[in-house]
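What follows is each chain in one-letter form.
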Amino acid sequence: MDNAGKYRELREMHKEFIYHGYDIADDGIFFHFSIDDYHFYPSWKTESGLLKNVTPFLEYIIFNLGMAELVSYWKCACPPVVKVKCGSLDEKQCLWWKKLYFNGLGEFFYRNNIDADFDSFMQIVPDDNGKRKYSCEREVGGYLVAVGGGKDSVVSLELLRKYHDETLCYIINPRGATVECANVAGFDESKIVGPRRTIDRALLERNADGYLNGHTPFSAVVAFSAYLFAYLYGKKYIVLSNESSANETYVSGRQVNHQYSKSTEFERDFRSYVTDYLDDGIQYFSLLRPWSEWQIAKKFVTYPQYFPVFQSCNLGSKTDTWCADCAKCLYVYILLSAFLDDETLVKIFGKNMLDCEKYEDMFDGLVLDGKDKPFECVGTKSEVRLSLYMAIKRRGDKLPYLLSRYAKTNPPVPQSMDNYFDNDNFVPQHLIGLLK
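Residues numbered from 1 in each chain as written. Predicted model: local features only at pLDDT ≥ 70, side-chain atom pairs only at ≥ 80, totals over all residues. Heavy atoms only, no water.

Focus on the overall build of the protein chain
And step 1. The helix and strand tally for the protein chain stands at 16 helices and 12 strands.
And step 2. On C-alpha atoms alone, the protein chain measures out to a radius of gyration of 22 Å, which is about the 22 Å that the 2.2 N^0.38 rule sets for 436 residues.
And step 3. Reported as C-alpha extents along the three principal axes, the dimensions of the protein chain are approximately 70 × 55 × 35 Å.
And step 4. In the protein chain, buried positions account for 58% of the 436 residues.
And step 5. Look at the contacts in the protein chain between residues 6 or more apart in sequence, and 73% of them connect residues 24 or more apart.
And step 6. Accessible area of the protein chain: about 18,200 Å², with a carbon and sulfur share of 46%.
And step 7. Placing the 51 positive and 59 negative side-chain charges of the protein chain at their respective mean positions leaves the two points 3 Å apart. (Helix = DSSP H or I, 4+ residues; strand = E, 2+ residues; numbered from the N terminus. Rg over C-alpha atoms; globule rule 2.2 N^0.38 Å. Buried < 20%, exposed > 50% of the residue type's maximum accessible area, 1.4 Å probe, protein only. Contact = heavy atoms within 4.5 Å. Areas by Shrake-Rupley, 256 points an atom, 1.4 Å probe, with all protein chains shown as cover. Lys, Arg positive; Asp, Glu negative; His and termini not counted. Charge placed at Lys NZ, Arg CZ, Asp CG, Glu CD.)

This is the structure:
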């Protein structure tokens, strides 16, 4: 049976997904979801004592974090009804969450060949359909910067260096690259907020049994969890490092965005949600939204102290290495090849990825119009073409295989991005000058 048939079968078999509630200990949060007899208990572990003073506002943030978490469990069977037995959601909120789930699951639906439509894919049914809003009731100031270990968050940390004393790094499940990037930027353990997020193994067991699997809008989990910890640590600004390139579709002729929850659209929606239902005294924004990935790479190479430690390969994240065998690695290699020589790049990645014939298909997906982009966090094709143009000029007659192959197509000279600036952003006015 194909996945489209499995989708229909599972929805017949499992009619309801239930968000039962959450427990709050002084060092962690434990959610409870279920699909019939399958129960899921994902958790967040925090610093001991951090959650000992539970207020209605704190509880409501945690409830909303659970709403962001639940879609990862819902998608294994895609029940048509989601019952929410804790917290409160009015009709506008239900539509807000449906929009996030539907667009954030665009890749999941596409790759599983599921023909879902917005009206019928899910009905959210809350026990309490009233509107709730609570005040933060605490003073906030300074910055909480999400650090993922890649070049983007490094650039944000460096741009905000003058605000170092007011800044904490936010790292979910700290690992080598994320911690080392923070350390190189001057943040020791005391300046790192590092909660541990755990996925319930029961979900992995369902996947092993043949239930559906695929990409979910994880950056929405980052947004709501960062809001939670900004509140707990008294920080006013939640700083993401999503760039304008995150808005581009991945599938030719269709709106399917691997990075939907990193897009400007989601950022705008999240900020509106905070204003309507939480407290907009805590502000969420992406510092790098006005820039392209190409501009970020150009800035990143001015910080060579990070070359030995930064890493953004998903496959290599557990070992803090670049696998040098995936589309994300190839994409970052191409971007940096515009500014760095191959000797330096080989020290970072372990090999010259542009000299490997087997990457032709990945390369074409990153470059050619009409070809689907690889489902990784990669930028626009125009950025890749500009980087390739500069890489070819930099290397003269000594071109590695993929550059030589591309050069033979006589690509047009791409437009410079030096002066690119996306004005559709939410960067606070006092920080705009850092980007111009």
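Thoughts on the pattern of salt bridges
And step 1. According to the stated counting rule, one finds 23 salt bridges in the structure shown.
And step 2. A salt bridge links lysine 15 to glutamate 12, with the nearest nitrogen and oxygen atoms 3.4 Å apart.
And step 3. The partner of aspartate 152 in a salt bridge is lysine 151, with the nearest N and O atoms 3.3 Å apart.
And step 4. Given a relative accessible area of 5%, lysine 151 falls into the buried group. (Salt bridge = Lys/Arg side-chain N within 4 Å of Asp/Glu carboxyl O.)

Observations regarding the sheet that holds strand E12 (residues 283-286)
And step 1. Judged by pairing direction, the sheet is parallel, and its five strands sit side by side in the order E9-E8-E7-E11-E12 without closing on themselves. Strands with a single pairing partner mark the edges of an open sheet, and in this sheet they are strand E9 (192-193) and E12.
And step 2. Pairing of strand E7 (residues 143-146) with strand E11 (residues 237-240), which is carried by three bridges, proceeds in the parallel orientation. By the bridge assignment, tyrosine 143 is partnered in E11 with tyrosine 237.
And step 3. Of the strands in this sheet, E7, strand E8 (167-170), E9, E11 and E12 are in contact with helix H8 (residues 218-233), which crosses E8 at around 145°. (Pairing = 2+ DSSP bridges. Axes fitted to C-alpha atoms, helices over the stretch in contact; angles between N-to-C directions.)

Re helix H14 (residues 381-395)
And step 1. Here H14 contains 15 residues, and its C-alpha end-to-end distance of 21 Å stays within 8% of the 21 Å for a straight helix at 1.5 Å per residue.
And step 2. For H14, the set of buried residues is Lys381, Glu383, Val384, Leu386, Ser387, Leu388, Ala391, Ile392 and Arg395.
And step 3. In this structure, the buried residues of H14 make contact with helix H10 (293-300), helix H11 (327-337), helix H12 (342-349), helix H13 (360-367) and helix H15 (401-407).
And step 4. One or two residues past the end of H14 sits glycine 396, with phi positive at roughly 60°. (Expected span 1.5 Å × (residues − 1).)

Topic: the side chain of serine 387
And step 1. Structurally, serine 387 can be placed in helix H14.
And step 2. For serine 387, a relative accessible area of 0% corresponds to the buried category.
And step 3. When residues no more than four places from it in sequence are discounted, the contact partners of serine 387 are Trp294, Ile334, Leu335, Ser337 and Ala338.

As for the nonpolar core
And step 1. Tyr19, Trp74, Trp97 and Tyr101 are the most contacted members of the largest nonpolar core, which has 80 residues in total.
And step 2. For this core, the element with the most residues is helix H2 (residues 56-74), which contributes 13 residues.
And step 3. With 71 residues, the next largest nonpolar core counts Tyr143, Val154, Val301 and Leu435 among its residues. (Core = buried A, V, L, I, M, F, W, Y, C linked by side-chain atoms within 4.5 Å.)

A word on the side chain of asparagine 207
And step 1. If you trace the backbone, asparagine 207 turns up in helix H7 (residues 201-208).
And step 2. The class for asparagine 207 is buried, based on a relative accessible area of 18%.
And step 3. In contact with asparagine 207, not counting residues within four places along its chain, are Cys76, Leu212 and Asn213.

Here's the deal with H10
Residues that lie three or four places apart on an α-helix share one face, since the helix turns once every 3.6 residues.
And step 1. Of all eight residues in H10, six are buried, a share of seventy percent or more.
And step 2. For H10, the set of buried residues is Glu293, Trp294, Gln295, Ile296, Ala297 and Phe300.
And step 3. Next to the buried residues of H10 lie helix H5 (151-159), H11 and H14.

As for the state of the cysteines
Note on terminology: disulfide describes a covalent bond linking the sulfur atoms of two cysteines.
And step 1. Inspection of every chain in the model, using the stated rule, returns zero disulfides.
And step 2. Cysteine cysteine 356 shares no disulfide, and the gap to the nearest cysteine sulfur, in cysteine 323, comes to 11 Å.
And step 3. Overall, the relative accessible area of 16% leaves cysteine 356 in the buried class. (Disulfide = S-S within 2.5 Å.)

Focus on the environment of glycine 149
And step 1. By secondary structure assignment, the location of glycine 149 is in the loop between E7 and H5.
And step 2. Assessed through its relative accessible area of 0%, glycine 149 is described here as buried.
And step 3. Beyond its immediate sequence surroundings of up to four residues, glycine 149 is in contact with Ala177, Thr178, Cys181, Phe310 and Gln311.

Focus: unusual backbone geometry
And step 1. One non-glycine residue, asparagine 113, lies in positive phi territory at about 60°.
And step 2. Inspection of the secondary structure assignment puts asparagine 113 in the loop between helix H4 (106-111) and strand E6 (123-126).
And step 3. You can call asparagine 113 exposed: its relative accessible area is 57%.
And step 4. Not every positive phi belongs to a glycine, and aspartate 320 is a case in point at roughly 55°.
And step 5. Counting through the fold element by element, aspartate 320 comes out in the loop between H10 and H11.
And step 6. A residue is classified by how much of its surface remains accessible, and aspartate 320, at 30% relative accessible area, is partly exposed.

None of the figures reported here should be taken as evidence of function without further support.
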